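# Structural overview for review
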Amino acid sequence: GRVNEALKGEGLSYQGKIEIKNLLWVLVEDIGLGKLKGLVRHPLKGLRVGPFYGCYIVRPTELLGYKEHPERGEYLEKVIETVGATPVDFVGKDKCCGFPILTMNRKNSLSMAGDRLLEAKEQGADCLVTPCPLCHLNLDSQQPDVEKVKKTKMGLPILHLPQLIGLAMGIDPEELWLDRHIVST
């Protein structure tokens, strides 16, 4: 009601019928893995990629359509395979990266990020890919401080989902801004 009252002056209204979807869901459900595979020019053979969903794309499941689409919890692995890479399963792939508490409890946030990075690295991941820009930002930019908290070198590159797909499509790494990461890609 408040939104429509504000929009009335512009002759607009909101009916609440827009389905909000994550890019990952659009890729799989709307575009389709077959079409994506057809766009791959440089399959990422030999690259072992840890899928990192993070928490915002998987919770709350009842509001995010997991009842209607239970396979959404496997979409990242399917995209990784579609671009020619090998998915690396690890325990924390659908856990929080720590970003939401970064300003309130920096040490715990960095420890959470470190747990996720170490879990993936121990399973043999060459990098992580995430559809979440906040996870990407946190796991990449905070990694030097994570290493201090965990007292171990991580050096695990973090790719945002469009970057992984762009590489497989043959887009120049500089155009994908891979040179702007904190952890070298």
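The coordinates are above.
In what follows, the accompanying structure is described. Quick caveat, the model's predicted, so the values are computed rather than measured.

### As for the sheet that holds strand S3 (residues 127-130)
Sheet architecture is open: four strands sit in the order S2-S1-S3-S4, paired in parallel fashion. With one partner strand each, in any of the chains shown, strand S2 (86-87) and strand S4 (158-160) form the two edges of the open sheet. Both strand S1 (residues 48-51) and S2 contribute to a ladder of two bridges, which runs parallel. Across the sheet, Val49 pairs through a bridge with Pro87, a residue of S2.

### Digging into the side chain of Lys93
Along the chain, Lys93 falls in the loop between S2 and helix H5 (106-122). The exposure class of Lys93 is buried, given its relative accessible area of 18%. Of note is the side chain of Lys93, whose polar atom sits 2.8 Å from the side chain of Asp89. In contact with Lys93, not counting residues within four places along its chain, are Pro51, Phe52, Tyr53, Gly54 and Glu77.

### As for the pattern of salt bridges
One pass over the full model with this rule turns up 12 salt bridges. Salt-bridge contacts for Asp94 lead to Lys95; the nearest nitrogen and oxygen are separated by 3.6 Å. By relative accessible area, which is 38% here, Lys95 ends up partly exposed. The residue Arg106 makes a salt bridge to Asp145 at a minimum N-O spacing of 2.5 Å. With a gap of 39 residues between them, Arg106 in helix H5 and Asp145 in helix H7 (residues 143-150) connect regions that are remote in the sequence. Taken together, the salt bridges that share partners define one network made up of Lys21, Glu29, Asp30 and Arg72.

### Considerations on the nonpolar core
Judged by nonpolar contacts, the single largest core of 27 residues is most densely connected at Leu24, Val49, Ile57, Val79, Val129, Leu161 and Leu164. If near-sequence neighbours (up to four positions away) are discounted, Val49 is found in contact with Ile80, Ala85, Thr86, Pro87, Val88, Cys127, Leu128, Val129 and Leu164. Cys97, Cys132, Leu139 and Ile158 belong to the second largest nonpolar core, which has 17 residues in total.

### Remarks on the pairing of S1
Since S1 and S2 lie parallel, the crossover through helix H4 (residues 75-82) that links them has a hand, and here it is right-handed. The sheet contact formed by S1 and S3 spans three bridges and is parallel. Each bridged residue has a counterpart across the sheet, and for Val49 the counterpart in S3 is Cys127.

### Topic: helix H2 (residues 23-31)
Among the residues of H2, Leu24, Trp25, Leu27 and Val28 are the ones counted as buried. For H2, the angular spread of buried residues about the axis comes to 160°, placing them on one side. Those residues of H2 that are buried lie in contact with helix H3 (33-39), H4 and helix H8 (161-169). A side-chain oxygen of the first residue of H2 lies 2.8 Å from the backbone nitrogen of Leu24; this N-cap is Asn22. Positive backbone phi, approximately 95°, marks Gly32, located one or two places after H2.

### A short note on unusual backbone geometry
Across the junction of Arg59 and Pro60, the peptide omega takes the value 0°, indicating a cis bond. For Pro60, the position within the fold is in the loop between S1 and H4. Notably, Lys151 is not glycine yet its phi reads approximately 55°, a positive angle. Tracing the chain through its elements places Lys151 in the loop between H7 and S4. For Lys151, a relative accessible area of 73% puts it in the exposed group. In this structure, Trp177 is a non-glycine residue whose phi angle is positive, near 65°. Judged by its relative accessible area of 48%, Trp177 falls in the partly exposed class.

About the thresholds
- Residues numbered from 1 in each chain as written.
- Predicted model: local features only at pLDDT ≥ 70, side-chain atom pairs only at ≥ 80, totals over all residues.
- Heavy atoms only, no water.
- Pairing = 2+ DSSP bridges.
- Helix = DSSP H or I, 4+ residues; strand = E, 2+ residues; numbered from the N terminus.
- Buried < 20%, exposed > 50% of the residue type's maximum accessible area, 1.4 Å probe, protein only.
- Polar contact = N/O pair within 3.5 Å; in protein donor to acceptor, adjacent residues only side chain to side chain.
- Contact = heavy atoms within 4.5 Å.
- Salt bridge = Lys/Arg side-chain N within 4 Å of Asp/Glu carboxyl O.
- Core = buried A, V, L, I, M, F, W, Y, C linked by side-chain atoms within 4.5 Å.
- Right-handed = clockwise from strand over helix to strand, strands pointing away.
- Arc of directions from axis to C-beta.

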